[in-house]
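# Results of the structural survey
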Amino acid sequence: MKDNQLHLYFHSSLDDPDLWCTALTRLLGPLKFSASPLCSEPETVDVALLWTTPPQGLGAFSQLRAVLSLGAGINQLDLSSLAQGVPLARLVDDSLTGTMVEYARATVMRYHRALHRHEQDTRERRWHFRPPVPAGQRCIGILGLGQLGLAIAKALAADGFRVLGWSNSAKTLAGLESFSGEQGLTDLAGQVDILINVLPLTPATRGILDRTLFARFGRPVQLINMGRGEHLVETDLLAALNAGWVEAATLDVTCIEPLPEQSLLWGHPDILITPHVAGLSCPDSAAACVAQNIRLALQGRPLINQVDFTKGY
Ligand code: GLV
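Residues numbered from 1 in each chain as written. Predicted model: local features only at pLDDT ≥ 70, side-chain atom pairs only at ≥ 80, totals over all residues. Heavy atoms only, no water.

### Considering the domain arrangement of the protein
To keep it simple, the criterion reads: By convention here, the domain bounds are inherited from an automatic or database domain assignment. Whether two residues are in contact is decided by their heavy atoms: any pair within 4.5 Å suffices. Note on definitions: buried area is the accessible-area loss of two parts on being combined, 1.4 Å probe, summed for both. What counts as a salt bridge is simple: a side-chain nitrogen of Lys or Arg found within 4 Å of a carboxyl oxygen of Asp or Glu. Following the grouping adopted for this structure description, the nonpolar residues are Ala, Val, Leu, Ile, Met, Phe, Trp, Tyr, Cys and Pro, the charged ones are Asp, Glu, Lys and Arg, and the polar ones are all others, Gly among them.
Domain assignment breaks the protein into domain 1 (7-93 + 281-298) and domain 2 (97-273). For domain 1 and domain 2, the distance between their C-alpha centroids amounts to 32 Å. With nine residues of domain 1 at the contact, the number on the domain 2 side is five residues. Buried area between domain 1 and domain 2, summed over both chains or domains, comes out near 520 Å², and the portion from carbon and sulfur atoms is 40%. In terms of surface lost to domain 2, no three residues of domain 1 exceed Asn75, Val92 and Asp93, which account for 67% of the buried area on that side. On inspection of domain 1 and its partner domain 2, the count reaches zero salt bridges. Its residues placed into classes, the side of domain 1 that touches domain 2 shows four nonpolar, three polar and two charged.

Set out below in structure tokens:
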């Protein structure tokens, strides 16, 4: 901090720096806000607000008090050059959660009402009557029951679906059948029609959406990956679509982003790709939480949604 003015460094290809600067200045008062990819005075930066790590890495940011992710996840950040002891926080706020819930409901409804099949019928000029199935007869599984997973579970339960959830530790929640552990995952997989992934990416969850899981499905399942690309073994998905274990898939995240043009995922008739758009926080709403975390960081106090590096989220 130079001349007692907070220096905030911002780096994101998705979020608008001007909107964030205005929203944070309103809450924190005048501040130095740097947003160019190459930060000219990294050693004076107090807090970094990042979607991804800037090309220069974080090594030169020698006075950092905190790194605040602009996303609910942190795996898009390369933290290899971050000094030990600098706290990191995830960003979960109502606007981000709200957009994730919308995306989950929209993609679930598309499958529930067979719109993906009607889209193909339309392209092939086919009048095919596909009768609606009552929502209560459709079973939705959610992998990950953190703030996002729970909000999605509640919204889908309110839409009338049967909702099963799987998480690291068992949870008791009204309107939700909760599973945990390896056996729990097998039990859930055997019952679901649509499976949504919103797990955090950790060594234990990397590649969880794989051939072993797909082979446990009791019927052809529609898969929605809103977590991270590395949760999914992409070649296993292609094989599972061919084998009929997976009926269709929606991928908002892929192992390499942007997805390379030559990827076989593009153009597969049963895969819908969206470019990591499921959730985005709106500065007008999320700045309050970021401002609070900046205040906490300057006081050396624990942050809201601070990442536990031993757990990885
Ligand atoms: C989006 O992927 C996020 O981490 O918020």
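### As for the packing of aromatic side chains
Rules: Two aromatic rings from Phe, Tyr or Trp, using only the six-membered ring of Trp, form a pair when their centres are within 6.5 Å; if the ring planes differ by under 30 degrees the pair is stacked, by over 60 it is edge-to-face, and anything between is tilted. The cut-offs for exposure are 20% and 50% of the maximum accessible area for each residue type, with area from a 1.4 Å probe on protein chains only; residues under the lower value are buried, those over the upper are exposed, and the others partly exposed.
Applying the stated rule across the entire model yields three aromatic pairs. Note on Phe214 and Phe217: the rings are 5.8 Å apart at their centroids and 40° apart in plane angle, and the pair reads as tilted. On the accessibility criterion, Phe214 (0% relative accessible area) is buried.

### Remarks on the sheet that holds strand S7 (residues 162-166)
To keep it simple, the criterion reads: In this analysis, strands are considered paired if DSSP registers two or more bridges between them. Secondary structure elements are taken from DSSP: a helix is a run of H or I of four residues or more, a strand is a run of E of two residues or more, and numbering for both begins at the N terminus. To get an axis, a line is fitted to the C-alpha atoms, and for a helix only the part in contact is used. The angle between two axes follows their N-to-C directions and goes from 0 to 180 degrees.
If you walk across this open sheet you meet the seven strands as S8-S7-S6-S9-S10-S11-S12, and the pairing is parallel. The open sheet has two edge strands, strand S8 (177-179) and strand S12 (271-273), and neither has a second partner. Taken over all neighbouring pairs, the strand axes of this sheet differ in orientation by 15° on average, direction set aside.

### Here's the deal with the pairing of strand S11 (residues 246-251)
In terms of burial, S11 is largely enclosed, as five of its six residues are buried. Two strands pair when backbone bridges link them, and strand S10 (residues 221-225) and S11 are joined in this way by five bridges, in the parallel orientation. What sits directly across from Asn225, in S11, is Leu251. Bridge analysis of S11 against S12 gives three bridges, and the strand direction is parallel. Residue Leu251 lies in a different strand from S12, and its bridge partner there is Ile273.

### Comments concerning the site of the ligand
Defined as follows: Throughout, the term near means that a residue has one or more heavy atoms lying within 4 Å of the molecule or strand in question. N or O atoms within 3.5 Å of each other form a polar contact, as long as, within protein, one can give a hydrogen and the other can take it, and as long as residues adjacent in sequence are counted only when both atoms are side-chain atoms. A 1.4 Å probe and the Shrake-Rupley method give the accessible areas. Residues count as covered only by the protein chains that appear here. With a 1 Å grid laid over protein atoms only, a set of points is called a cavity when a 1.4 Å probe fits there but cannot get out and a pocket when it is open yet has protein on both sides within 12 Å along at least five of seven lines; lining residues have an atom within 4 Å of a point. For a cavity or pocket, the test is whether more than half of a molecule's atoms lie within 2 Å of its grid points; if they do, the molecule sits there.
Taken together, the neighbourhood of the ligand is formed by Trp51, Gly71, Ala72, Gly73, Leu96, Arg228 and His276. For the ligand, an oxygen atom lies 2.7 Å from a polar atom in the backbone of Gly73. For the ligand, the protein covers 90% of the area, taking 190 Å² as the surface of the free molecule. Counting atoms within 2 Å of the grid points, the majority share of the ligand lands in the largest pocket. A per-class count over the shell around the ligand returns three nonpolar, three polar and one charged.

### Overview of the packing of helix H2 (residues 94-112) against helix H4 (residues 147-158)
To be explicit about the condition: If an angle is under 35 degrees, it is roughly parallel; if it is over 145, roughly antiparallel; if it lies from 65 to 115, roughly perpendicular; otherwise it is oblique. Handedness of a helix crossing follows the sense of rotation of the near helix relative to the far helix, less than a right angle counterclockwise being left-handed and clockwise being right-handed.
Closest axis-to-axis distance for the H2/H4 pair is 9 Å, and the angle between their directions is 45°. Regarding the angle of H2 to H4, the classification is oblique. Regarding H2 and H4, the two cross each other, and that crossing is right-handed. Contact residues: Thr97, Met100, Val101, Ala104, Arg105 and Val108 in H2; Gln147, Leu148, Ala151, Ile152, Ala155 and Leu156 in H4.

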